[in-house]
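Structure at a glance
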Amino acid sequence: MGLEGLNQLYRQVILDAAVDQRYRGQLLNPTAVQLAHNPNCGDVLELQIKVSDRHITAIAFQGQGCTISQASASILADLALHQSLESMQTRISQFQKMITGKESVEIDQLGDASVFSKISQFPTRVKCAGLAWDALEQMLKNNQFD
């Protein structure tokens, strides 16, 4: 597949994820909730998770924003479901390094999130792509999950 074909595939993955409804909404009795806002783009997001035995057993988000922020939230939710909190902390770190372009990372464990691997070329979009991931990171730092 040539570069143009790969770019088209990435665009399609982002567009599909942005309209995916599987993780949109609210959870009944979430273990943790985190609000996030990107004033540069106007993105607003509420991320909710349920945790049991240090694994994410349910995840949902609601809010509005640009295609990139909504796609990234959907991709994060798909990746995080049934993962351990420790695994997600590692993946969040890998994702943040990838989107800022400051360090090269192995993106194999990021699944569809690897579509954002070149977002660092668009500095105003880095915060859009990272919004949900930053929200999950704050949740994991601010809560005690037993």
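- Going by the annotation in an unreviewed UniProt entry, the name recorded for the protein chain is SUF system NifU family Fe-S cluster assembly protein, with Oenococcus oeni given as the source organism.

1. As for the layout of surface pockets
- By volume, the second largest pocket is sized at about 160 Å³.
- R22, S74, I75, D78 and D112 are, among the 13 residues lining the second largest pocket, the residues nearest its centre.
- A per-element tally of the lining of the second largest pocket places helix α2 (residues 67-80) first, with 4 residues.
- Class assignment of the residues belonging to the lining of the second largest pocket gives a composition of 6 nonpolar, 2 polar and 5 charged.

2. A few points about the pairing of strand β2 (residues 43-52)
- Counting buried residues along β2, 7 of its 10 residues qualify, which places the element largely inside the surrounding structure.
- Of the pairings in the sheet, the one linking strand β1 (residues 32-38) to β2 comprises 7 bridges and is antiparallel in character. Paired with L35 across the two strands is E46, which belongs to β2.
- Where β2 and strand β3 (residues 55-64) come together, 9 bridges link them in antiparallel fashion. Each bridged residue has a counterpart across the sheet, and for I49 the counterpart in β3 is I59.
- The loop that links β2 with its antiparallel partner β3 comprises 2 residues; one of these, D53, has a positive phi angle of about 50°.

3. Examining the sheet that holds β1
- Read from one edge to the other, the open sheet built from 3 strands follows the order β1-β2-β3, with strand pairing classed as antiparallel. The outermost strands of the open sheet, each flanked by one partner alone, are β1 and β3. Across the sheet, the mean angle from the axis of one strand to that of its neighbour is 20°, orientation sign disregarded.
- Along the sheet, helix α4 (residues 123-142) makes contact with β1, β2 and β3, crossing β1 at roughly 145°.

4. Side note on the nonpolar core
- Core analysis: the largest hydrophobic core is formed by 45 residues, its most contacted members being I49, F95, F116 and L136.
- At the level of secondary structure, the elements contributing two or more residues to this core comprise α1 (3-19), β1, β2, β3, α2, α3 (85-100) and α4.
- It is α4 that contributes the most residues to this core, 10 residues altogether.

5. Examining the side chain of Q94
- Within the secondary structure layout, Q94 lies in helix α3.
- Ignoring any residue separated from it by four or fewer positions in sequence, one finds Q94 in contact with V105, E106, Q109 and L110.

6. Here we look at the pattern of salt bridges
- Within this structure, the stated rule accounts for 4 salt bridges.
- Between R22 and D20 there is a salt bridge, with its nearest N and O atoms 2.7 Å apart.
- Overall, D20 belongs to the buried group, its relative accessible area being 17%.
- The network of salt bridges with common partners includes D20, R22 and D78.

7. Quick word on α3
- A rise of 1.5 Å per residue sets the reference length of α3, with its 16 residues, at 22 Å; its end C-alpha atoms lie 23 Å apart and thus fit the reference within 8%.
- Inspection of α3 places L85, M88, R91, I92, Q94, F95, M98 and I99 among the buried residues, and these make up the whole buried set.
- The inward-facing, buried residues of α3 abut β2, β3, α2 and α4.
- Once α3 finishes, G101 follows within two positions and takes phi at roughly 70°, a positive value.

About the thresholds
- Residues numbered from 1 in each chain as written.
- Predicted model: local features only at pLDDT ≥ 70, side-chain atom pairs only at ≥ 80, totals over all residues.
- Heavy atoms only, no water.
- 1 Å grid on protein atoms, 1.4 Å probe; cavity = no way out; pocket = protein on both sides within 12 Å on 5 of 7 lines; lining within 4 Å.
- Points joined across faces, edges and corners; volume = space filled by probe spheres on them.
- Helix = DSSP H or I, 4+ residues; strand = E, 2+ residues; numbered from the N terminus.
- Nonpolar A, V, L, I, M, F, W, Y, C, P; charged D, E, K, R; others polar.
- Buried < 20%, exposed > 50% of the residue type's maximum accessible area, 1.4 Å probe, protein only.
- Pairing = 2+ DSSP bridges.
- Axes fitted to C-alpha atoms, helices over the stretch in contact; angles between N-to-C directions.
- Contact = heavy atoms within 4.5 Å.
- Core = buried A, V, L, I, M, F, W, Y, C linked by side-chain atoms within 4.5 Å.
- Salt bridge = Lys/Arg side-chain N within 4 Å of Asp/Glu carboxyl O.
- Expected span 1.5 Å × (residues − 1).

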